[in-house]
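# Structural overview for review
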Amino acid sequence: MVRYLNEPDEDLPNLRVKEILKLCFRIEEVRATGARPGGLLHVVNSHLSEFRFTPMFVLVAPTQFVVQWRPAWERRTDPPKALTGEELCRVQPSTAAKSILDLMDAGMLNRVRQCMCGRWFYAQSAKKVVCSAACRFRKFKNADQDTYNKQRAEYMRGYRKNPKVKSKTRKEKASGGPE
Ligand SMILES: [Zn+2]
């Protein structure tokens, strides 16, 4: 599903899947506050109604099967044509939408995250907030720069408050700036 979210072309189904994800995040937020997500459910359902699923018997043991709902193949042509390899490799929007719902059902939707670089990823651990080693490095560098800037700002505030510095600045202003 994250592969689908990271696809560069944003056609209507892609935008719809992203909208569903956004709505599901929002529903989870609302649910966490104890409020009813009534209106949100209505909106997400209208997006979901655009997807088609087909029931399928799946054998899980020689004499045991379960019924699963699989995304129906979205490309319909008349007469039917064999799918190309490229088409088979593509993640279908309904597959991505179903993954979002499955993760939400399992209480794992918060593991789907967007990295600071813009890429979507699935966080294997709850703590993970970046998609790759390169982004982790960048995050640390930014954090370091942030700490440096804060420390410097604090130092400068203290420096300017110092009475000696204050009187020096006044003299400089009076004489038209430092020499
Ligand atoms: Zn990243």
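Conventions adopted
Residues numbered from 1 in each chain as written. Predicted model: local features only at pLDDT ≥ 70, side-chain atom pairs only at ≥ 80, totals over all residues. Helix = DSSP H or I, 4+ residues; strand = E, 2+ residues; numbered from the N terminus. Rg over C-alpha atoms; globule rule 2.2 N^0.38 Å. Buried ≥ 20, exposed ≤ 12 C-beta atoms within 10 Å, placed from the backbone. Contact = placed C-beta atoms within 7 Å. Domains from an automatic or database assignment. Axes fitted to C-alpha atoms, helices over the stretch in contact; angles between N-to-C directions. Parallel < 35°, antiparallel > 145°, perpendicular 65-115°, else oblique. Nonpolar A, V, L, I, M, F, W, Y, C, P; charged D, E, K, R; others polar. pLDDT = per-residue confidence, 0-100. Pairing = 2+ DSSP bridges. Left-handed = near helix turned anticlockwise from the far one by under 90°. Core = buried A, V, L, I, M, F, W, Y, C linked by C-beta atoms within 7 Å.

## Details of the overall build of the protein chain
Scanning the protein chain from terminus to terminus reveals 7 helices and 4 strands. Reading the helices (α) and strands (β) of the protein chain from amino to carboxyl end gives α-α-α-β-β-α-α-β-β-α-α. In terms of C-alpha radius of gyration, the protein chain reaches 27 Å, well past the compact-globule figure of 16 Å for 179 residues. Overall size of the protein chain, expressed as C-alpha extent along the three principal axes, is 90 × 45 × 35 Å. Counting across all 179 residues of the protein chain, residues that qualify as buried make up 9%. For the protein chain, restricting intrachain contacts to residue pairs at least 6 apart in sequence, the fraction spanning at least 24 positions comes to 38%.

## Side note on the domain arrangement of the protein chain
In terms of domain boundaries, the protein chain breaks down into domain 1 (2-126) and domain 2 (136-174). Centre-to-centre, using C-alpha coordinates, domain 1 lies 49 Å away from domain 2.

## Comments concerning the packing of helix H2 (residues 12-33) against helix H5 (residues 93-105)
Where H2 meets H5, the axes come as close as 9 Å, and the angle between the chain directions of the two elements is 10°. Relative to H5, the element H2 is oriented roughly parallel. Contacts between H2 and H5 pair Pro13, Asn14, Arg16, Val17, Ile20, Leu21 and Cys24 from the former with Pro93, Ala96, Ala97, Ile100 and Met104 from the latter. Among the residues making up the contact of H2 with H5, the classes are represented as 10 nonpolar, 1 polar and 1 charged.

## Examining the confidence of the model for the protein chain
Chain-level statistics for the protein chain give a pLDDT mean of 86 and a share of 91% at 70 or above. For the protein chain, per-element mean pLDDT is lowest for helix H7 (residues 163-174), which scores 71, and highest for strand S3 (residues 112-114), which scores 96.

## Here we look at the environment of Phe25
Structurally, Phe25 is set in helix H2. Judged by local crowding, Phe25 falls into the partly exposed class, with 15 C-beta atoms found within 10 Å. For Phe25 and Val112, which are 87 residues apart along the polypeptide, the C-alpha to C-alpha distance reads 9.6 Å.

## Details of the pairing of strand S1 (residues 53-61)
Of all 9 residues in S1, 0 are buried, a share of ten percent or less. Taken together, the 8 bridges between S1 and strand S2 (residues 64-71) define a ladder with antiparallel strand orientation. Residue Pro55 lies in a different strand from S2, and its bridge partner there is Trp69. Where S1 hands over to S2, the hairpin turn is made up of 2 residues, counted between the paired strands.

## Considerations on the packing of H2 against helix H3 (residues 38-48)
Between H2 and H3, whose axes approach to 10 Å, the crossing angle comes to 155°. Taken together, H2 and H3 sit at an angle that is classed as roughly antiparallel. For the crossing formed where H2 meets H3, the hand is left-handed. Every residue of H3 that contacts H2 at Arg16, Glu19, Ile20, Leu23, Cys24, Arg26, Ile27 and Val30 is listed here: Leu40, Leu41, Val43, Val44, His47 and Leu48.

## Notes on the nonpolar core
Grouped together as the largest cluster of nonpolar side chains are 12 residues: Tyr4, Leu5, Val17, Ile20, Leu21, Cys24, Val44, Phe51, Ala96, Ala97, Ile100 and Val112. Every element with two or more residues in this core is listed here: helix H1 (2-5), H2 and H5. By residue number, the principal contributor to this core is H2, which donates 4 residues. Sequence-distant contacts of Ile20, defined by excluding residues within four places in its chain, comprise Val44, His47, Leu48, Ala97 and Ile100.

## Observations regarding the environment of Ala123
When you line up the elements, Ala123 lands in the loop between strand S4 (120-122) and helix H6 (133-161). What makes Ala123 partly exposed here is the crowd of 16 C-beta atoms within 10 Å. When the C-alpha positions of Ala123 and Val112 are compared, they lie 6.4 Å apart, and in sequence the two are 11 residues distant. When sequence neighbours within four positions are dropped, the list of residues in contact with Ala123 reads Arg111, Arg113 and Lys128.

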